[in-house]
Amino acid sequence: QTVNYNGHEYVDLGLPSGLKWATCNVGATKPEEYGGYYAWGETEEKENYDWSTYKWCNGSYNTMTKYCTSSSCGTVDYKTVLDPEDDVAQVKWGGRWRMPTLDELKELKNNCTWIWTTQNGVNGYKVTSKTNGNSIFLPVAGNRFGTNLNDSGSVGGYWSGSLYSSSELAYLLYFMSGYYNCEFSYRNNGFPVRPVSE
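Residues numbered from 1 in each chain as written. Predicted model: local features only at pLDDT ≥ 70, side-chain atom pairs only at ≥ 80, totals over all residues. Heavy atoms only, no water.

## Notes on the overall build of the protein chain
The helix and strand tally for the protein chain stands at two helices and 12 strands. Its helices and strands taken in sequence order, the protein chain reads β-β-β-α-α-β-β-β-β-β-β-β-β-β from the N to the C terminus. Over its C-alpha atoms the protein chain spans a radius of gyration of 16 Å, differing by no more than 12% from the 16 Å that the globule rule assigns to 198 residues. Relative to its full complement of 198 residues, the protein chain shows a buried share of 51%. If you take every contact in the protein chain between residues at least 6 apart in sequence, the share linking residues at least 24 apart comes to 53%. When the accessible area of the protein chain is evaluated, it comes to approximately 8500 Å², of which 45% is carbon and sulfur surface. The distance from the centre of the 16 positive side-chain charges to the centre of the 21 negative ones in the protein chain is 4 Å. (Helix = DSSP H or I, 4+ residues; strand = E, 2+ residues; numbered from the N terminus. Rg over C-alpha atoms; globule rule 2.2 N^0.38 Å. Buried < 20%, exposed > 50% of the residue type's maximum accessible area, 1.4 Å probe, protein only. Contact = heavy atoms within 4.5 Å. Areas by Shrake-Rupley, 256 points an atom, 1.4 Å probe, with all protein chains shown as cover. Lys, Arg positive; Asp, Glu negative; His and termini not counted. Charge placed at Lys NZ, Arg CZ, Asp CG, Glu CD.)

Below, the structure written as structure tokens:
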């Protein structure tokens, strides 16, 4: 069920948009590997995931320098979706690979069956298409805030490329055993990325 595109495999889940989902996270070589953790709009991992180290602000959540729709959050540019050069999936994988948008996260949520499971000893969700039965596995990799790794093995979050209405936040797919939904988190937090391709 997997197809190789530009050196990385994807699965066709029969989604209405035709979007293809990668089988692995950025930085991973197997579906159950966590891969890298990235602050929203950054393309490299780092030691400390804090506002003081965040690329798109001047040290605090209300001093955004890019991707800002409110003057209370920083310098307004009305950008609400990551540019390709700030999209770690596009930067690392090239071709048509990119981070999913909020609407594309919702499409995955609504058009697949989500079963909490363990794959090769790793907790996560098997996400199976309601139309063609193909599936992907999303491990619960936790997140990085400051210098700590939190909740790995119990809580998962995957960034979208979409900004939240309050500009210090961005949308992500958030899940744990018995729960999965589109939520939001502070942009300086480090989360994995699961690429998509059109």
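That was the structure; now back to the text.
## Describing the sheet that holds strand β9 (residues 155-163)
Read across the sheet, three strands follow the order β9-β10-β11 without closing on themselves; strand pairing throughout is antiparallel. Lying at the two open borders of the sheet, with one neighbouring strand each, are β9 and β11 (179-186). Taking each pair of neighbouring strands and ignoring which way they run, the sheet shows an average axis angle of 30 degrees. Relative to strand β10 (residues 169-176), β9 runs antiparallel, the two sharing six bridges. Residue tryptophan 159 lies in a different strand from β10, and its bridge partner there is leucine 172. Taken strand by strand, helix α2 (residues 102-111) contacts β9, β10 and β11, and its axis lies near 160 degrees from that of β11. (Pairing = 2+ DSSP bridges. Axes fitted to C-alpha atoms, helices over the stretch in contact; angles between N-to-C directions.)

## What to know about empty space enclosed by the protein
Tallied over the entire structure, the rule returns one cavity of 30 Å³ or more. Residue lining of the largest cavity: Trp21, Pro100, Leu105, Leu138, Tyr158, Trp159, Leu173 and Arg194, and that is the complete set. A breakdown of the residues in the lining of the largest cavity according to their chemical character gives seven nonpolar, no polar and one charged. (1 Å grid on protein atoms, 1.4 Å probe; cavity = no way out; pocket = protein on both sides within 12 Å on 5 of 7 lines; lining within 4 Å. Points joined across faces, edges and corners; volume = space filled by probe spheres on them. Nonpolar A, V, L, I, M, F, W, Y, C, P; charged D, E, K, R; others polar.)

## Comments concerning the nonpolar core
Val26, Trp40, Tyr54, Met99, Trp159 and Val193 are the most contacted members of the largest nonpolar core, which totals 30 residues. Going through the elements one at a time, α1 (88-93), β9 and β10 are the ones with two or more residues in this core. Ranked by the residues each element gives to this core, the list is headed by α1, at three residues. Beyond its immediate chain neighbours, meaning those up to four positions away, valine 193 contacts Asn25, Val26, Gly36, Tyr38, Val88, Ala89, Met99, Tyr158 and Trp159. In terms of nonpolar packing, the next biggest core, distinct from the first, is built from 23 residues, Leu13, Val127, Leu138 and Val196 among them. (Core = buried A, V, L, I, M, F, W, Y, C linked by side-chain atoms within 4.5 Å.)

## Quick notes on the pattern of salt bridges
For the structure on display, the rule yields seven salt bridges. Residue glutamate 44 is joined to lysine 92 by a salt bridge in which the shortest nitrogen-to-oxygen separation is 3.2 Å. Of the two residues, glutamate 44 is situated in the loop between β3 (20-22) and α1 and lysine 92 in helix α1; the sequence distance between them amounts to 48 residues. Its relative accessible area of 48% is what places glutamate 44 among the partly exposed residues. For lysine 79, the salt bridge identified is with aspartate 83, shortest N-O distance 3.1 Å. Residue classification places lysine 79 among the partly exposed residues on the basis of a relative accessible area of 29%. The network of salt bridges with shared partners includes Lys66, Lys79, Asp83 and Asp86. (Salt bridge = Lys/Arg side-chain N within 4 Å of Asp/Glu carboxyl O.)

## Points about unusual backbone geometry
A positive phi angle, close to 50 degrees, is found at asparagine 120, a residue other than glycine. Within the secondary structure, asparagine 120 sits in the loop between β4 (112-119) and β5 (122-129). For aspartate 151, which is not glycine, the phi dihedral falls at a positive 65 degrees. Along the chain, the position of aspartate 151 falls in the loop between β8 (148-150) and β9.

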